[in-house]
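Next come the chains, spelled out residue by residue.
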Amino acid sequence: MKNKTANFVLKGATTLTVAALIGKILSAIYRVPFQNLVGNRGFYIYQQIYPLYGIAMTIGLSGLPVYISKIIAKEETDTRKKEQATILLEILFIFGLLVFAVLYLGATRIAGLMGDSRLDELIKSVSWLYLLVPLLSVARGYNQGMQEMTPTALSQLVEQLVRICVIITVALLGISHKWSLYRIGSSAFFGSIIGAICALAFFFSFFKEIFKFKYHRNMSVILQAMKGLFSEGLLICFFAGILVLLQLIDSFTLKKALQAAGYSMKNAENLKGVYDRSQTFLQLGLVVSTSFSTSLLPMLIKNRMEHDKLKFKQNIRLIYRICIWTSMAVTSGLIILMPGLNKALFSSEQGSMALSISMLTIIFTGVILLDNAILQSANSYKKNIIVLVAIIAIKFLTNYQFTLHLGIIGAAVSSVLSVAIGTFFSGRSLRKIGLNRQLDRKFIKKVILFSIIMIIVVSLVISLTNPFGNSRVYSFMQCIIGVVIGAASYVTTTRCGNLFSDREWRSIPGGEYILKISKKRMDN
């Protein structure tokens, strides 16, 4: 019976993981055509307000639904489940209403703090989303708690697809009708409202039941629900949106620091737009680097449910090894290919050094997210509060000064420093509950060596192919060749260097295929 339940949970968690990965990829790649249409300044305008949208989506997609599903799953009767869902919905709607009021009524003040009073209409556009987030959070959380993962998965995908279609359509219309860049940005954010409304359609039956449900209000139960929401619930949200929080600090400090350093307002806005290109690479990089390791996270749930402590520790070790291995490969690859990628996707190599430095964020953030997932599974979320405080405090305290003296390179260094220190504190939190990442020095040295070999190989490919062309299309083809040859060299050195055992290779998605190829070569 336990195995059956564990397998069911495993299947559901895998469904959500796949949907989340697809959603993140879609959310990253649309930025490329959007920036190509509106330019650096238009991209700056959009990205200044994006963190406010990103926080809302983190709450509604991957933050509160996780917490709410735990609350619903704990309740034994359908009546209690509906009662909890109703209480949570009421609390969150009041919270959403307050956030909406702060953003909508304080839009002019917030825009002023960002250094651009014309952003107020964009802030007002985003504010409406906070009225829908409570509905999405509770509906998704309730369905996940009932082990109904399909509605959540489909709603995530439809929401992203609709939103992206609206954004690109608005950009095309705006450019053709010569709208201002601020009007294009404001209209683009309404795509998130339309996407959220479409996502709500998947939960029609849930809302029909909840709105009919009546219960006797118990203040102690309501206060307990509030305590959980605004402690563990919000902490889950903040960790899921670490990169968004760093972007939010950039929105309030980066442009001001550039202007204080002597840049004109227009040049500062253009540079901020260039720096914001990093979000596309960071998001895609994190998706690739964590997808292999997070695909094994459901196994940890299964191990815990089956009380298999040995396999639990073995899988933790494997997850961290895969995370570091893939993160190093992705980070190294993005750094060496950045000038070409920057030109191929965004038409210029401007800011490539800053973008390359910011890619180091991938390694540390990937580890922090894994640490937090494991701490959450062990119900030890409070131990990781210091990590969040450290990351935000360091970024806030260093970002302005670093940018003032080093430009957008300083902003990139500030982000990397904040998550690097956060990784240190996160490791300490793990050790407090008797766990560790189990990453020995020999493993780390091998991964660094294989990464250096890959960088040398890709550098040679770039040097040999540079004389043949300099267009965006050629840069794109050059990057594709670099990725293929770089990945092949990295996997080959990893296999030849015996970094993973055959059992570990079989646990990695695609690992079975790599084993077959290597054995065929050995036989030949």
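This text gives an overview of the structure that appears in the document. Throughout, a residue's number is its position along its own chain's written sequence, starting from 1. Per-residue local features of the predicted model are confined to residues with pLDDT of at least 70, and side-chain atom pairs are confined, for both listing and counting, to 80 or more; whole-chain, interface and lining totals are unaffected and use all residues. Excluding hydrogens and water, the side-chain figures rest on all heavy atoms present in the structure.

1. Examining a nonpolar patch on the surface
Rule in force here: Residues enter patches when their relative accessible area tops 30% and they take part in no salt bridge; the joining distance is 9 Å for like charges and 5 Å for the nonpolar side chains Val, Leu, Ile, Met, Phe, Trp and Tyr. What sets the accessible areas is the Shrake-Rupley method with a 1.4 Å probe; for residues, cover comes only from the shown protein chains. One speaks of a salt bridge when a side-chain nitrogen belonging to Lys or Arg is within 4 Å of a carboxyl oxygen belonging to Asp or Glu. The numbering of helices and of strands both runs from the N terminus, where a helix is a DSSP run of H or I of at least 4 residues and a strand a run of E of at least 2.
A cluster of nonpolar side chains, contributed by V473, F476, M477, I480, I481, V484 and I485, occupies part of the molecular surface with about 610 Å² of accessible area. Mapping M477 onto the fold places it in helix 21 (residues 472-496).

2. A closer look at the packing of helix 2 (residues 31-74) against helix 5 (residues 120-127)
We apply this condition: All axes here are fitted lines through C-alpha atoms, helices being fitted over the stretch that makes contact, and every angle between N-to-C directions spans 0 to 180 degrees. Here the angle decides the label: under 35 degrees means roughly parallel, over 145 means roughly antiparallel, 65 to 115 means roughly perpendicular, and every other value means oblique. Handedness of each helix crossing follows the sense of rotation of the near helix against the far helix: counterclockwise by less than a right angle gives left-handed, clockwise gives right-handed. Residue contacts are defined here by distance: any two heavy atoms, one from each residue, within 4.5 Å place the two residues in contact. For this classification, Asp, Glu, Lys and Arg are treated as charged, while Ala, Val, Leu, Ile, Met, Phe, Trp, Tyr, Cys and Pro are nonpolar and the rest, including Gly, are polar.
At their nearest, the axes of helix 2 and helix 5 sit 10 Å apart, and the two run at 30° to each other. Relative to helix 5, the element helix 2 is oriented roughly parallel. Crossing angle aside, the handedness with which helix 2 passes helix 5 is right-handed. Of the residues in helix 5, those touching helix 2 at I45, I49, L52 and Y53 are L122, I123 and V126. Along the lines of polarity and charge, the residues of the contact of helix 2 with helix 5 split into seven nonpolar, no polar and no charged.

3. Structural notes on unusual backbone geometry
Where the residue is not glycine, phi is negative for most of them; where a peptide bond is considered, it is trans in most cases. Rules: Residue exposure (1.4 Å probe, protein chains only): buried if accessible area is under 20% of the type maximum, exposed if over 50%, otherwise partly exposed.
The backbone of K178 shows a phi angle near 60°, a positive value even though the residue is not glycine. Examined against the element boundaries, K178 turns out to sit in the loop between helix 7 (149-176) and helix 8 (181-200). Despite not being glycine, S347 shows a phi value in the positive range, around 75°. Tracing the sequence through the fold places S347 in the loop between helix 15 (309-346) and helix 16 (352-358). Residue S347 is classed as partly exposed on the basis of its relative accessible area, which comes to 45%.

4. A word on the side chain of T493
We count it as follows: Counting of polar contacts relies on pairs of N or O atoms within 3.5 Å, with two restrictions inside protein: one atom must be capable of donating a hydrogen and the other of accepting it, and residues adjacent in sequence are counted only when both atoms are side-chain atoms.
Counting through the fold element by element, T493 comes out in helix 21. Given a relative accessible area of 17%, T493 falls into the buried group. Within the structure, the side chain of T493 is placed 2.9 Å from the backbone oxygen of Y490, a separation counted as a polar contact. With sequence-adjacent residues up to four places away left out, T493 is seen in contact with F450 and I453.

What is shown is where atoms sit, not what they do.
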